[in-house]
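Secondary and tertiary structure notes
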Amino acid sequence: MYGDNETVRRILTESGDTWAIVGLSNNRSRAAYGVAQVLQRFGKRIVPVHPKAETVHGEQGYPSLADIPFPVDVVDVFVNSDLAGAVADQAAGVGAKAVWFQLGVVDEAAYDRALTAGLDMVMDRCPAIEIPRLAG
């Protein structure tokens, strides 16, 4: 388990409400689309990050984390494990407080680098599953 329940709680309740969602597009069949909706329902501001820079759920998209012109608190990662480590490194570079790798996204070296950089990190879990547990 990468990210204990206390880390999950801290990211969801204390790290901040601006979540950059890497891999989020208007493809309704992708998990990122539904997870972003759940996060919005629980008061999070979602920021789509995708090469297409589409507006999703009413929020302007950006092609990369570096292109977002305001601070983000959490970077939620919906890319293949072999690409996720670079995203975690970019999250540290843009000043995010936490990184969240979705279910099935695992990169142990990236996890260690994020912790060393002072970020909270959760890996192989889903915030859309975890956040209702905190509210209930």
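Preceding this paragraph is the structure being described.
What you see is a predicted model; the values in this text were computed from it and never measured. (Residues numbered from 1 in each chain as written. Predicted model: local features only at pLDDT ≥ 70, side-chain atom pairs only at ≥ 80, totals over all residues. Heavy atoms only, no water.)

With that out of the way, let us pick up the nonpolar core. Residues Ala 20, Leu 65, Ile 68, Val 75, Val 77, Val 99 and Phe 101 are the most contacted members of the largest nonpolar core, which totals 25 residues. If you list the elements that add at least two residues to this core, you get β1 (18-22), β2 (45-49), β3 (74-77), α3 (81-93), β4 (98-101) and α4 (108-116). Of all the elements, α3 adds the most residues to this core, at 4 residues. Among all residues touching Val 75, those that are not within four sequence positions of it are Ala 20, Val 22, Leu 65, Val 87, Ala 91, Ala 96, Ala 98, Val 99 and Trp 100. (Core = buried A, V, L, I, M, F, W, Y, C linked by side-chain atoms within 4.5 Å. Buried < 20%, exposed > 50% of the residue type's maximum accessible area, 1.4 Å probe, protein only. Helix = DSSP H or I, 4+ residues; strand = E, 2+ residues; numbered from the N terminus. Contact = heavy atoms within 4.5 Å.)

Counting buried residues in β1 gives 5 out of 5 residues, a clear majority hidden from the surface. Side chains of β1 alternate between two faces, with Thr 18, Ala 20 and Val 22 and Trp 19 and Ile 21 buried alike. Sheet topology note: the β1/β2 ladder contains 5 bridges and is parallel. The partner of Trp 19 across the bridge, within β2, is Ile 46. Handedness of the β1-helix α2 (residues 31-41)-β2 crossover: right-handed. Note that β1 and β3 share 4 bridges and pair parallel. Pairing of Ala 20 across the sheet is with Val 75, part of β3. (Pairing = 2+ DSSP bridges. Right-handed = clockwise from strand over helix to strand, strands pointing away.)

Turning to the layout of surface pockets, a few remarks are in order. Once rolled over the atoms, a probe with the size of a water molecule shows which space is left empty. Taken as a whole, the largest pocket encloses approximately 320 Å³ of empty space. Considering the residues around the largest pocket, the lining is formed by 17 residues, among which Gly 23, Arg 30, Ala 32, Phe 78 and Val 79 are closest to the centre. Within the lining of the largest pocket, the residues separate by chemical class into 7 nonpolar, 7 polar and 3 charged. (1 Å grid on protein atoms, 1.4 Å probe; cavity = no way out; pocket = protein on both sides within 12 Å on 5 of 7 lines; lining within 4 Å. Points joined across faces, edges and corners; volume = space filled by probe spheres on them. Nonpolar A, V, L, I, M, F, W, Y, C, P; charged D, E, K, R; others polar.)

So, to be careful, I would describe these as geometric facts and stop short of saying anything about function.
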